Protein chains: 4
Amino acid sequence: MSNTFGNRLRLTTWGESHGAAIGGVIDGFPSGFRIDNAMIDSDLRRRATGNLPSASSRKETDRVEFLSGLTDGMTLGTPIAFMIRNSDCRSGDYEEFKDVFRPSHADYTYQAKYGLRDWRGGGRASARETAVRVVAGAMARQWLMEHGVTVSAFTSRVGKVSMDGSYTDYELDAARLTRFGTLDRDMDDCVEEYLASLRSVGDTVGGTATCVVRGLKAGVGEPLYDKLSARLAYAVMSIPAAKGFDYGVGFDGIDMTGLEQNDAFVWRDGEVHTLTNRSGGIQGGISNGEDICFRVVFKPIPSIAMEQSTVNATGDEVRLQVRGRHDVTVFPRVLPVVEAMAALTVMDLML
Amino acid sequence: MSNTFGNRLRLTTWGESHGAAIGGVIDGFPSGFRIDNAMIDSDLRRRATGNLPSASSRKETDRVEFLSGLTDGMTLGTPIAFMIRNSDCRSGDYEEFKDVFRPSHADYTYQAKYGLRDWRGGGRASARETAVRVVAGAMARQWLMEHGVTVSAFTSRVGKVSMDGSYTDYELDAARLTRFGTLDRDMDDCVEEYLASLRSVGDTVGGTATCVVRGLKAGVGEPLYDKLSARLAYAVMSIPAAKGFDYGVGFDGIDMTGLEQNDAFVWRDGEVHTLTNRSGGIQGGISNGEDICFRVVFKPIPSIAMEQSTVNATGDEVRLQVRGRHDVTVFPRVLPVVEAMAALTVMDLML
Amino acid sequence: MSNTFGNRLRLTTWGESHGAAIGGVIDGFPSGFRIDNAMIDSDLRRRATGNLPSASSRKETDRVEFLSGLTDGMTLGTPIAFMIRNSDCRSGDYEEFKDVFRPSHADYTYQAKYGLRDWRGGGRASARETAVRVVAGAMARQWLMEHGVTVSAFTSRVGKVSMDGSYTDYELDAARLTRFGTLDRDMDDCVEEYLASLRSVGDTVGGTATCVVRGLKAGVGEPLYDKLSARLAYAVMSIPAAKGFDYGVGFDGIDMTGLEQNDAFVWRDGEVHTLTNRSGGIQGGISNGEDICFRVVFKPIPSIAMEQSTVNATGDEVRLQVRGRHDVTVFPRVLPVVEAMAALTVMDLML
Amino acid sequence: MSNTFGNRLRLTTWGESHGAAIGGVIDGFPSGFRIDNAMIDSDLRRRATGNLPSASSRKETDRVEFLSGLTDGMTLGTPIAFMIRNSDCRSGDYEEFKDVFRPSHADYTYQAKYGLRDWRGGGRASARETAVRVVAGAMARQWLMEHGVTVSAFTSRVGKVSMDGSYTDYELDAARLTRFGTLDRDMDDCVEEYLASLRSVGDTVGGTATCVVRGLKAGVGEPLYDKLSARLAYAVMSIPAAKGFDYGVGFDGIDMTGLEQNDAFVWRDGEVHTLTNRSGGIQGGISNGEDICFRVVFKPIPSIAMEQSTVNATGDEVRLQVRGRHDVTVFPRVLPVVEAMAALTVMDLML
């Protein structure tokens, strides 16, 4: 396994979804920095319950417990260890899948690799581990904000429902106010209707998150191999359910010719800028001072409420029906996770 | 800079496009393995001149010179150093761009980051460095073949021209025989016509390469962060001009619901398999025994033959016209590079 | 800071001596291995209270709490997180040294590097953190034992008191039964008397630990830079108070000529062996199948009970008198720490 | 194998002693730094021929050839690749040892680990590879000098001949003028006489090098594991023939009590300093602003001119007589290697 992320800023994470706790250790965070717990709690809440007003949420929010590295809320430069206790652990729900490989889950591959696995709720492969990334990411975003850099993700597509126009037509903060993390209330209404229809039949769907890193100066990224684009791709492709990554015009630009994709340089405010930003703020793997803009595509949540056929560990073909409340899509809960991975990556490359 | 790739198998590369040479050092390659130089030469030729019969090529093929790590063609377990001399170096072509930032090239970002740059032919940012990856990749592919694993890339789309159907309808080896690396001669003819029209106006175009890793057993990949998917994304996003990555149905599956994307497990030949392969052979970041299948999208080559506006280092807006012979698209020359990065990644994770 | 140790087996540690807890995360430990907690507890006890019968000890033994990576005592292959709560935290003892730099402690250098420090009990620089190494080391030693390798450290010298003869004249296990970790009860008595005389005047002393790794096959170690000798040196020099390392005849062999130091090869039991072992089991940085034998020299504990002159953070010269119970020497409590670092290093290189 | 040294400044080396060449790649060296080739050549000469006037030397000096990373002698920030051709390669001298394991050489352990080896002149295990370290080290020393830091090694003991007094009684530069790298001409004469007597009987001897890093500010070193002391130990223990490392009073201070070893803090010139430097400039693994002072002990060169008994790969006991010119001791040729490893370590930790 490889549970450490980053080079100069290193996050090491641990924990199974139904074990005692999940947690992480951050090494390399500069000393003398004051941490704002409210921002961490806010991101944990977004991950746990989405953008719903917390009052209406039945789920209790995760609580982070810091174990080292801070004195009076100030970083010491020593490793910052923290954990989140697992509370709502109904392992019983999973008992019947103990020997069954759920389709498009990691059950079979973990069994094949490790010979045994913690079958309760996905174990280490559960999306629950992303809460740890969110804690570290919120701290990285605080540090970036002090350096003039913001990281904002939003829902740009859910199944058949797409955003109209460019993100530059909207306020990025709007993603925190809409129910599904879109920038546009109309689109959000469409998403709601669409997801309701899928929920009614027990199906699920994926989509794309777009993430914008704003305020990053030219010069961040380490060619050849630690290109900013390569490191961002690596970072977000480690999020459960991520199936693809692109930046700038990316896959949507396949039909555009060189003339159409090239970004002309201009002088603006005494600095070099580009007229357009089809490069997504990255050229030669290094930031060029424009908005860094990338997308991540997520697959549908594989836990559908319909009966599926699969096999078990002893060679029988079996029918499987996943029970319990499951989300219809990863949005908007995945957005703080995308922001966290982007923030950790950018901060690591800036240090 | 970060010029070392991999953990257990490590490739360190060096060289500017117009310096004395480019080269690399491979550390961690197992001892006692016989290297087939013909396969390396063949891949170097594909990268340098495409699939053209070498006779018709005006370009001389790169020649690799091994400096250490081999005795009688057999690996010693010690670092394998090699270099390729730079021959065809007309720096003069670039003299006029010495202080000009070519649009969508890495000129400006290198200058911003390093304060100076080798302006002759792109320097370290030139795609010429990919020849080094190809040498190491060819050696990795040899090792993988001895372990029953093949790595094959092909051109799945060029601008508006797409492949019909699935790659499973074709022979993967066909990509080495067609002019542009497609699997289908008809498609290849369309590409030829399409590129001819672009060349006539001095424009360029991008597209997608698809890569298939076949024969890989279940269990390869290191969650959480070194997921096979994350490592492949990182590997190919470091190739010049790469703008995106996806695997399985990826971006094309956004409209598919969970029911449509889930891959049902079945027993076949005493092993667990999936009926479909929308997961692209990876679940939970670990190979599941099916074909690993991923795509890379490349942008158009930014060196178009049309006049463009840009700025120079001293703050003037200037008009720029790139001269010299330039390709219209990265295909098929990028295919051995994609194969190389995939092979190095998979071998690294297998060791 | 750099709080991760190892490459394939990675231990990440955290915690200040007077914070909530100290702990660690082990990544890369093979799955399906049963952990024996008794061995961990035994090593923790040796570190906390020495070889004294626990009944007579006033100190409560540290208790390790596992948070992830195990199911029914069996490793899952996922990260193993654990922590030890800090209990006996009389920060008050340290309040008066808050702004004072204790001689030959890390107070000044931490302040110089990080700008602030946790002054309570040494913070991150406290030897308390070695308890975390001991937990991980005990697990590594269990794994090594299953692979036929034992790791044993003993006290070979304390100040003026040295061991007679070679370790091969004694049972290595004797070190766990004597009061100061020597192999020889007579030497142990001398040490006791010697330390008593130092304690009576409030002084302290150092000495050497010798560590023997037995049963390691030829072939372990990764030249050029990760030579077994280099990695062992790196490992033990990170232990607080370590001032030097040597292996084989080391510093004691300076007067010996080549003829006297060379180890002649012989065949024994169908294997290549050496007649003598002045090489300490390592040649060219790789184990040669003989006992790996190395020493670590430790300085006296700097917390002496005599008044010393020093300075404080605001520029005044002050007199300092360290209070509280402090050990007279690091022996025998440092022995399980030396074993832990050796075991982690060897297991890392064997994986 | 592990042929890359360093984290932020990374040196990757390659080459067998009797292959085409040896060389290295330096990654992470800051851009815009002017390299002085004379200093590199001077260090290469010291390594190749000792301090002898080059006229009297029969050996031709190694010549370094830069292949990338420089433009007009200025670093580009890109990887700096260089090589040294192997010239004087009389492989014939080694033919008879092809299957014989020379005592206290790495022949047997390489064979055991890799299954085959380049038997000509030691292959990768040959001390010839240290020339590559010297090139990189000379560049690091130049960078350090611009940051006010000097690195100087000298011969402090050869077999029975020791230096009188402390290094602070001498000029460190004197080591470059004496025949054997000592600081004291009288000691040097004794060494000469002593070595002559050993040479006459075909024997060899080891000794200690002492290295002083002067001008390093407080705050360099990364606890817990990358302590400055641990990193220096790791660095020098990778030098062929190194058997031990200590810093400050080290092994020589075993008899000193805490009162005798503690370094009292004082204010001097508005800075915190220590009255004495028994800590060797490192406390808690971090530099404290005093001279960094450490020793390395080297074993005798194992190629003695006397007949020895050993075994060959096929199980026979054989008599072996090493022929050819061999040095009697590693001094003074090892001194620039020690300086190089120290300089690379310190620069890496400063970046």
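Summary of the structure given here. (Residues numbered from 1 in each chain as written. Chains lettered and ligands numbered in written order. Predicted model: local features only at pLDDT ≥ 70, side-chain atom pairs only at ≥ 80, totals over all residues. Heavy atoms only, no water.)

Take the overall build of chain A next. Within chain A, the secondary structure is distributed over eight helices and 18 strands. The globule rule puts the C-alpha radius of gyration for 351 residues at 20 Å, and the 21 Å found for chain A is close to it. Overall, the C-alpha framework of chain A stretches about 65 × 50 × 40 Å when taken along its three principal axes. A buried classification covers 65% of the 351 residues belonging to chain A. Here the contacts in chain A between residues at least 6 apart in sequence split such that 69% fall between residues at least 24 apart. Looking at charge distribution, chain A has the averaged site of its 39 positive side-chain charges lying 4 Å from that of its 46 negative ones. (Helix = DSSP H or I, 4+ residues; strand = E, 2+ residues; numbered from the N terminus. Rg over C-alpha atoms; globule rule 2.2 N^0.38 Å. Buried < 20%, exposed > 50% of the residue type's maximum accessible area, 1.4 Å probe, protein only. Contact = heavy atoms within 4.5 Å. Lys, Arg positive; Asp, Glu negative; His and termini not counted. Charge placed at Lys NZ, Arg CZ, Asp CG, Glu CD.)

Let's shift gears to the relation of the copies chain A and chain B. Mapping chain A onto chain B calls for a rotation angle of 180° and an axial translation of 0.0 Å; the resulting RMSD is 0.0 Å. Seen this way, the second copy is the image of the first under a two-fold rotation axis. (Least-squares fit on C-alpha atoms with pLDDT ≥ 70 in both.)

Further remarks concern the packing of helix α4 (residues 130–146) of chain C against helix α8 (residues 335–350) of chain C. Residue and element names in this part refer to chain C. Where α4 contacts α8, the two axes come as close as 7 Å, and the packing angle between them is 50°. When the axes of α4 and α8 are compared, the pair comes out oblique. Once α4 is placed against α8, the crossing between them reads as left-handed. Together, T130, R133, V134, A136, G137, A140, R141, W143 and L144 of α4 and P336, V337, E339, A340, M341, A343, L344, V346, M347 and M350 of α8 make up the contact between the two elements. Tallied by class, residues from the contact of α4 with α8 come to 14 nonpolar, two polar and three charged. (Axes fitted to C-alpha atoms, helices over the stretch in contact; angles between N-to-C directions. Parallel < 35°, antiparallel > 145°, perpendicular 65-115°, else oblique. Left-handed = near helix turned anticlockwise from the far one by under 90°. Nonpolar A, V, L, I, M, F, W, Y, C, P; charged D, E, K, R; others polar.)

Right, let's get into helix α3 (residues 107–114) of chain D. Restricting attention to buried positions, one finds in α3(D) the residues D:D107, D:Y108, D:T109, D:Y110 and D:Y114. Summarising the contacts, the buried residues of α3(D) are in contact with β12 (265–268), β13 (271–274), β14 (282–283) and β15 (286–287) of chain C. One or two residues past the end of α3(D) sits D:G115, with phi positive at roughly 80°.

Turning our eyes to something else, we now look at the interface of chain C and chain A. Counting residues at the interface gives 35 residues for chain C, matched by 35 residues for chain A. Here chain C packs against chain A, burying approximately 2600 Å² in sum over the two surfaces, 61% of which is carbon and sulfur. With a shortest N-O distance of 3.8 Å, A:E65 and C:R85 are connected by a salt bridge. Inspection of the chain C/chain A interface yields ten residue pairs in polar contact (both at pLDDT 80 or more). Residue assignment for the side of chain C that touches chain A shows that the elements contributing at least two residues are β2 (10–14), β3 (21–27), β6 (74–75) and β7 (80–85) of chain C. Among the elements that make up the side of chain C that touches chain A, the one with the highest residue count is β2(C) (four residues). (Buried area = accessible area lost by both parts, 1.4 Å probe. Salt bridge = Lys/Arg side-chain N within 4 Å of Asp/Glu carboxyl O. Polar contact = N/O pair within 3.5 Å; in protein donor to acceptor, adjacent residues only side chain to side chain.)

A separate point is the side chain of B:T4. Residue position: B:T4 is located in strand β1 (residues 4–5). Separated by 2.8 Å, the side chains of B:T4 and B:T12 make a polar contact. Excluding residues that lie within four positions of it along the chain, B:T4 makes contacts with A:Y225, B:R10, B:L11, B:T12 and D:D27.

Glancing now at the relation of the copies chain C and chain A. Between the two copies of this chain, the relationship is a rotation about some axis together with a displacement along it. Superposing chain C onto chain A takes a rotation of 180° plus a shift of 0.0 Å along the axis, which leaves an RMSD of 0.0 Å. Both copies share a contact surface, since 100% of the interface residues of chain C are interface residues in chain A too.

In this assembly, 98 residues from chain A lie in contact with 98 residues from chain B. For the pair chain A and chain B, the summed buried surface comes to about 7600 Å²; carbon and sulfur atoms form 60% of the total. Contact with chain B buries surface across chain A, with A:Y225, A:K243 and A:F265 losing the most and accounting together for 12% of the total. Counting across the chain A and chain B interface gives four salt bridges. Here the residues of the side of chain A that touches chain B are counted per class, giving 43 nonpolar, 34 polar and 21 charged. Relative to strand β11 (residues 242–247) of chain B, strand β11 (residues 242–247) of chain A is paired through three bridges, and the arrangement is antiparallel. If you follow A:F245 over to β11(B), its bridge partner there is B:F245. (Pairing = 2+ DSSP bridges.)

Everything listed here is a matter of coordinates, which is why it stays silent on function.
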